[in-house]
Amino acid sequence: MKLRLWLSLLIILCIVITDQIIKFWVKTHMCLYDRIFITDWFQIFFTENHGMAFGMDFIGTMVLTLFRIAAVIFFIYLLTAQARKRAPLGFIICLAFIIAGAMGNIIDNSFYGLIFSESVPHLPDNADPATLVSFGSGYGSFLNGLVVDMFYFPLFTWPESLPVIGGRTFFGAVFNFADSAISCGAVALILFYHRYVSELISSKTHGNTPKKNLVDDEATHI
């Protein structure tokens, strides 16, 4: 159990710290919508949103932040409970990735509005990126900060002749390191632990214990 909990804590800290280092650099070195072309298909493209993954924006910031906090609390409880039951190590790692990613974006929503000046586009009368300001004098209030996104992979553009998607960029979302952690953790859960998750849900419903033979024996007993 201790191995799983300590490893989870290490993973969460590494992801959150890396995520925040990248966001701080982008926020303080780039104006809104600035781009750094790494290759033709990979750009650092500074955008901000209210917190939905991959730049989606259709829910109020405070509501979304509170929902994400509740989700993190639930996943921390689930991780701790499953670590005590010696669940597969890979399953625990997936939960840690999801928790860390959500926490990274919660930090933006909760505090960036309090500690940063507003990021604006690079205009002739304003060429300066945002700066750190005294706590509480930033561009927003608690739980209403904007999430910083920067990774953009415009791999190719669909042919104009195609209906609906013609002329659009394939995978036009802009995302951050925290989004990547959530996605990797969720996809790995679906691909490798869907049977364990199904059995776990069934056990909660019927009061049974998940069968460990649903996953690789070596992973189960680490």
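Refer to the structure printed above.
Each value, and the rule that gives it
Residues numbered from 1 in each chain as written. Predicted model: local features only at pLDDT ≥ 70, side-chain atom pairs only at ≥ 80, totals over all residues. Heavy atoms only, no water. Helix = DSSP H or I, 4+ residues; strand = E, 2+ residues; numbered from the N terminus. Buried < 20%, exposed > 50% of the residue type's maximum accessible area, 1.4 Å probe, protein only. Contact = heavy atoms within 4.5 Å. Areas by Shrake-Rupley, 256 points an atom, 1.4 Å probe, with all protein chains shown as cover. Salt bridge = Lys/Arg side-chain N within 4 Å of Asp/Glu carboxyl O. Pairing = 2+ DSSP bridges. Axes fitted to C-alpha atoms, helices over the stretch in contact; angles between N-to-C directions. Disulfide = S-S within 2.5 Å. Expected span 1.5 Å × (residues − 1).

## Some words on the overall build of the protein
When its secondary structure is counted, the protein shows 6 helices and 4 strands. Secondary structure elements of the protein occur, N-terminal to C-terminal, as α-β-β-α-α-β-β-α-α-α. In the protein, which comprises 222 residues, the share counted as buried stands at 41%. Considering only contacts within the protein whose residues lie at least 6 apart along the sequence, 68% involve residues at least 24 apart. Element-wise, carbon and sulfur atoms account for 69% of the exposed surface of the protein, whose accessible area totals about 12,200 Å².

## A short note on the pattern of salt bridges
Should their charged atoms come close, side chains of opposite charge can pair. In the structure shown here, the tally under the stated rule is 3 salt bridges. The salt bridge partner of Lys23 is Asp108, with a shortest N-O separation of 3.1 Å. Separated by 85 residues along the polypeptide, Lys23 in helix H1 (residues 2-29) and Asp108 in helix H3 (residues 89-115) bring together distant segments of the chain. Lys23 gets classed as buried once you look at its relative accessible area, which sits at 0%. One salt bridge connects Lys27 with Glu48, and the closest N-O pair in it is separated by 2.5 Å. Of this pair, Lys27 sits in helix H1 while Glu48 sits in strand S2 (residues 42-49), and the two are 21 residues apart along the sequence. Beyond isolated ion pairs, a larger network of salt bridges with shared partners links Asp19, Lys23 and Asp108.

## A word on the pairing of strand S3 (residues 147-152)
Two faces, one strand: in a regular strand the side chains alternate between the faces of the sheet. Here S3 lies mainly inside the structure; 6 of its 6 residues are buried. Looking at chain direction, S3 and strand S4 (residues 174-175) are connected through 2 bridges and run antiparallel. Considered in S4, the bridge of Phe151 is made with Phe175.

## Observations concerning the sheet that holds S4
Read across the sheet, 4 strands follow the order S1-S2-S3-S4 without closing on themselves; strand pairing throughout is antiparallel. Strands with a single pairing partner mark the edges of an open sheet, and in this sheet they are strand S1 (35-39) and S4. When S2 meets S3, the two strands line up antiparallel, connected through 5 bridges. Along S3, the bridge assignment pairs Ile44 with Phe151. Here H1 sits on the sheet and contacts S1, S2 and S3; the angle it forms with S3, its principal contact strand, is near 90°.

## As for the state of the cysteines
Under the defined criterion, the tally for this structure stands at 0 disulfides. A disulfide-free cysteine, Cys184 has its sulfur positioned 9.5 Å from the sulfur of Cys94, the nearest such atom.

## Some details on H1
Here H1 contains 28 residues, and its C-alpha end-to-end distance of 40 Å stays within 8% of the 40 Å for a straight helix at 1.5 Å per residue. Turning to H1, its buried residues number three or more, namely Arg4, Ser8, Ile11, Ile12, Ile15, Val16, Asp19, Gln20, Lys23, Val26 and Lys27.

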